[in-house]
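Observations on the model geometry
Each chain, written out:
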Amino acid sequence: MSTVEQKLSERGLTLPEVAKPVAAYVPAVVTGNTVQTSGQLPLVGGKLEVTGKVGADVEAEVAKKEAEKATLNALAAIKAEIGDLDRITRVVKVTGYVASAPEFTAQPGVINGASELLGDVLGEAGSHSRAAVGVAALPLDAAVEVDLLVEFR
C-alpha cells in the first residue's frame with residue numbers, strides 16, 4: 001500500500017474503482033509528467049448519494065464531504081494512469097464546481113473538502129492553485145464536481 005493510500009486509510013477512506021464516464025470522455029489523460037483528470041462527480045458505487053443545489057437542497061457541510069468523495073474518484077483515476085499515488089510530486093490545480101442556489105456564495109468552503117483531503121494525504125505536494133466556481137447545474141444533478149491537474153515523477 002502506498003503512503004498516500006495509508007494516509008487515506010488512517011482517515012477511514014479507501015480509493016474507489018475508477019468511476020465510469022457519464023459521456024464521451026476518459027477519466028484522465030497523461031501528457032509528459034502531468035495527469036489531468038476529467039471532472040469527477042462524487043459517485044459511490046456508480047451512484048450519487050446527494051443531489052441538488054447547495055444552499056437550497058444541500059447544506060454546505062454535506063457538499064464539502066461530496067467534494068472529498070469527488071476528489072477520491074479523481075485520485076483513483078490518477079492511480080489508474082500512473083500506478084502509484086506516491087509518484088505525485090505536486091497537485092498543480094484543483095477546479096471545483098458547486099451547483100449553487102442563486103444566493104449561495106460559499107463555494108470556496110465547499111471545495112475545501114477537496115483541498116483539505118489533498119493536503120492531508122499528500123503533504124506539501126498537495127498544496128495547489130484552485131478555482132471554486134458556482135454553477136447553475138452539474139451532470140446528474142450532482143452538488144459538486146472536481147478535476148485535478150497533477151505532476152508526477
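Residues numbered from 1 in each chain as written. Predicted model: local features only at pLDDT ≥ 70, side-chain atom pairs only at ≥ 80, totals over all residues. Heavy atoms only, no water.

Looking at an unreviewed UniProt entry, the protein chain carries the name RidA family protein, with the source organism given as Dermabacter vaginalis.

**Some details on helix 1 (residues 3–10)**
V4, E5 and L8 are the residues of helix 1 that are buried. Along the axis of helix 1, the buried positions cluster into a sector of 95°, meaning they face one direction only. Backbone geometry just downstream of helix 1 places G12 in the positive-phi region, at approximately 80°. (Buried < 20%, exposed > 50% of the residue type's maximum accessible area, 1.4 Å probe, protein only. Helix = DSSP H or I, 4+ residues; strand = E, 2+ residues; numbered from the N terminus. Arc of directions from axis to C-beta.)

**Some words on the nonpolar core**
I78 and L148 are the most contacted members of the largest nonpolar core, which totals 40 residues. Those elements that provide at least two residues to this core are helix 1, helix 2 (60–82), strand 5 (88–99), helix 3 (107–122) and strand 7 (144–152). Take this core: its biggest share by element is 10 residues, from helix 2. L41, L48, A99 and L138 belong to the second largest nonpolar core, which has 7 residues in total. (Core = buried A, V, L, I, M, F, W, Y, C linked by side-chain atoms within 4.5 Å.)

**Thoughts on the pairing of strand 5**
As judged from the 9 bridges shared by strand 5 and strand 7, these two strands associate in the antiparallel manner. Considered in strand 7, the bridge of G96 is made with V146. Examined bridge by bridge, strand 5 and strand 6 (residues 129–135) share 7 bridges and lie parallel to one another. Each residue of the ladder has a partner; that of V94, found in strand 6, is R130. In this view, the connection linking strand 5 to its parallel neighbour strand 6 by way of helix 3 has right-handed handedness. (Pairing = 2+ DSSP bridges. Right-handed = clockwise from strand over helix to strand, strands pointing away.)

**Side note on the sheet that holds strand 6**
Pairing within the open sheet is mixed, and its 5 strands lie in the order 1-2-7-5-6. Here the strands that pair on one side only, and so sit at the sheet edges, are strand 1 (28–31) and strand 6. Taken over all neighbouring pairs, the strand axes of this sheet differ in orientation by 15° on average, direction set aside. The sheet contacts of helix 2 involve strand 1, strand 2 (34–37), strand 5 and strand 7, and relative to strand 7 the element is tilted by about 40°. Where helix 3 meets the sheet, its contacts fall on strand 5, strand 6 and strand 7, and the angle it forms with strand 5 comes to roughly 160°. (Axes fitted to C-alpha atoms, helices over the stretch in contact; angles between N-to-C directions. Contact = heavy atoms within 4.5 Å.)

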